[in-house]
Amino acid sequence: MFSRVLITGGSGFIGSNFIRYLLTARPDAHLTNVDVLSYSGNQENLRDLEDHPRYTFIHADICDADKIRPLVAEAEAVVHFAAESHVDRSILDTRPFIRTNVLGTQTLLDAAVATKLERFVHISTDEVYGSLLLDRTDLRFTEESAIKPNSPYAASKAASDMLVRAAHHTFGLNTCITRCSNNFGPYQFPEKVIPLFVTNLIEGKKVPLYGDGLNVRDWIHVEDHCEAILAVLDRGKSGEVYNIGADNEQSNLDLTRSILHILGKGDDFIRHVEDRLGHDRRYAIDSSKIRRELGWSASRSAWPDALISTVDWYVKNPGWWQRIRSGAYREFHETLYGNRPPANPAPASA
Ligand SMILES: NC(=O)c1ccc[n+]([C@@H]2O[C@H](COP(=O)([O-])OP(=O)(O)OC[C@H]3O[C@@H](n4cnc5c(N)ncnc54)[C@H](O)[C@@H]3O)[C@@H](O)[C@H]2O)c1
């Protein structure tokens, strides 16, 4: 069990859920969150934890080696979420993805090797495997599947996976890589499909559905993902890759209709739009390895209940997403952090 954990990108969707989860699951753990607060980093996600005695926030960029190294030196383990994460943005401009996902990951790995870090868990994605055919429902991605990323986002994540692999093989760094399917749950930035569609519908707007809507994604609740990450942090074998999924394949059209149904709307609220360039057709994850070797299984992802409770969270928290959609959350960052110099790392016992 690691009690001093450095989390990168903890102010984003999955990272903030993981911090909340870990603080509860591990009453002895001290967590440091290093986040640059890019457009998707939102301190409001963890507002209630600001004064938590076992939580420290550091405003810094993972590409900044001078700031990162002392943080890694203080930690026993790193869980690395920080990334540019939106495929559509990577199609518009690949450079931020190469910078954060590739150079940022290498900056962390250099610090981890230099400071002899005990454990490095790299949060990757099933998108590194590319796409499956719609009519081959017998096929799913395993940890042995070829790495064939199709989007600039997936390619930058695949590159970071290769760097983690190299740090393990060359320097003996204790690493694990997780590759998870699409997450849903509270605090997801409302540019991603579920919160985007829910918040559009609450505001009486139509939802933009790419292409024929038949692309298939494998959905997992973010808390199931968090639990899997903790299993890997605690018990994962060094140098291994673990796929994480909940056997919950849905076409985008079915997902859209489910959301419409929950919110009492009809198909007339669907606006079909031109397909995303290079849109992967189907993702499906075989997570038998983590279930067999680490004893984890998804327990919170079953539809329709998990989707209904997620939609309900956005219905009940309009202030959270309205401040994002209006840009007001940025002012909150500015007020809190705009003129503040980045803090020094907290002492290990703080
Ligand atoms: N969302 C999914 O469905 C999903 C699925 C599988 C894997 N993942 C992976 O999980 C991780 C987290 O995804 P998410 O959906 O929470 O993303 P997110 O965009 O919500 O959060 C990313 C966080 O990283 C921070 N960040 C970005 N660049 C940084 C930098 N240079 N230095 C420090 N912090 C920086 C952002 O401020 C933000 O807080 C990513 O690595 C992503 O590839 C996501």
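Structure shown above.
Please read all numbers here as calculations on a predicted model, not as lab measurements. (Residues numbered from 1 in each chain as written. Predicted model: local features only at pLDDT ≥ 70, side-chain atom pairs only at ≥ 80, totals over all residues. Heavy atoms only, no water.)

Draft legend 1. Local environment of empty space enclosed by the protein. Applying the stated rule across the entire model yields two cavities of 30 Å³ or more. Space inside the second largest cavity adds up to approximately 60 Å³. The residue makeup of the lining of the second largest cavity, split by class, is three nonpolar, four polar and four charged. (1 Å grid on protein atoms, 1.4 Å probe; cavity = no way out; pocket = protein on both sides within 12 Å on 5 of 7 lines; lining within 4 Å. Points joined across faces, edges and corners; volume = space filled by probe spheres on them. Nonpolar A, V, L, I, M, F, W, Y, C, P; charged D, E, K, R; others polar.)

Draft legend 2. Just the packing of helix 6 (residues 193-202) against helix 8 (residues 252-262), in detail. Direction vectors running N to C along helix 6 and helix 8 enclose 35°, while the axes themselves pass 10 Å from each other. Here helix 6 runs over helix 8; the crossing is right-handed. On helix 8, the residues that touch V193, I194, F197, V198 and L201 of helix 6 are L255, T256, I259 and L260. Per-class residue counts for the contact of helix 6 with helix 8 are eight nonpolar, one polar and no charged. (Axes fitted to C-alpha atoms, helices over the stretch in contact; angles between N-to-C directions. Helix = DSSP H or I, 4+ residues; strand = E, 2+ residues; numbered from the N terminus. Left-handed = near helix turned anticlockwise from the far one by under 90°. Contact = heavy atoms within 4.5 Å.)

Draft legend 3. Expanded view of the packing of aromatic side chains. On inspection of all chains with the given rule, the structure shows 12 aromatic pairs. Taken together, a centroid distance of 6.4 Å and an interplanar angle of 80° make the contact between F97 and Y153 edge-to-face. Here the residue F97 occupies a position in helix 4 (residues 95-114), and Y153 occupies one in helix 5 (residues 152-171), the gap between them amounting to 56 residues. Comparing F97 with Y153, the two get one shared label, buried. Their ring planes at 85° and their centres at 4.9 Å tell us that W313 and Y314 sit as a pair that is edge-to-face. Like W313, the residue Y314 is buried in the burial classification. (Phe/Tyr/Trp six-rings, centres within 6.5 Å; stacked < 30°, edge-to-face > 60°. Buried < 20%, exposed > 50% of the residue type's maximum accessible area, 1.4 Å probe, protein only.)

Draft legend 4. Summary view of helix 6. Counting buried positions along helix 6 gives seven out of 10 residues, so the element sits mostly inside the fold. By the burial criterion, the buried members of helix 6 are I194, P195, F197, V198, T199, N200 and L201. Turning to helix 6, the residues buried within the fold contact strand 7 (182-184), strand 8 (207-210), strand 9 (216-221), helix 8, helix 10 (305-316) and helix 11 (318-326). Where helix 6 ends, the next residue or the one after it, G204, has phi of about 80°, a positive value.

Draft legend 5. Seen up close, the sheet that holds strand 6 (residues 175-180). Strand order in the open sheet formed by seven strands is 3-2-1-4-5-6-10, and the pairing between neighbours is parallel. Each edge of the sheet is formed by a strand with only one pairing partner; in this case those strands are strand 3 (55-59) and strand 10 (240-244). Here the strands of the sheet are splayed against their neighbours by 20° on average, with no regard to which way each runs. Of the strand pairs in this sheet, strand 6 and strand 10 are connected by five bridges, and their pairing is parallel. Within the sheet, the bridge partner assigned to I177 lies in strand 10 and is V241. The sheet contacts of helix 2 (residues 65-74) involve strand 1 (4-8), strand 2 (30-35), strand 3 and strand 4 (77-80), and relative to strand 1 the element is tilted by about 145°. The strands that helix 5 touches are strand 5 (119-125) and strand 6; relative to strand 5, the one it contacts most, it runs at about 155°. (Pairing = 2+ DSSP bridges.)

Draft legend 6. Region of the structure containing the site of the ligand. For the ligand, the set of nearby residues contains 29 residues, the closest of which are D35, S40, S85, Y153 and K157. Contact distances for the ligand include 2.9 Å between an oxygen atom and a backbone N or O atom of G12. Residue S40 places a side-chain N or O atom 2.7 Å away from an oxygen atom belonging to the ligand. Bound to the protein, the ligand loses 96% of the 840 Å² it would expose on its own. Secondary structure elements with two or more residues in the shell around the ligand: helix 1 (13-25), strand 5, helix 5 and strand 7. For the shell around the ligand, the element with the most residues is strand 5, which contributes three residues. A per-class count over the shell around the ligand returns 12 nonpolar, 13 polar and four charged. (Near = heavy atom within 4 Å. Polar contact = N/O pair within 3.5 Å; in protein donor to acceptor, adjacent residues only side chain to side chain. Areas by Shrake-Rupley, 256 points an atom, 1.4 Å probe, with all protein chains shown as cover.)

Draft legend 7. How the structure looks around the packing of helix 6 against helix 10. Where helix 6 meets helix 10, the closest approach of the two axes is 10 Å, and the angle between their N-to-C directions is 55°. Between helix 6 and helix 10, the angle is such that the two are oblique. Here helix 6 and helix 10 pass one another in a crossing that is right-handed. Only L307, T310, V311, Y314 and V315 of helix 10 make contact with helix 6, whose side of the interface consists of I194, P195, V198 and I202. Of the residues that constitute the contact of helix 6 with helix 10, the class distribution is eight nonpolar, one polar and no charged. (Parallel < 35°, antiparallel > 145°, perpendicular 65-115°, else oblique.)

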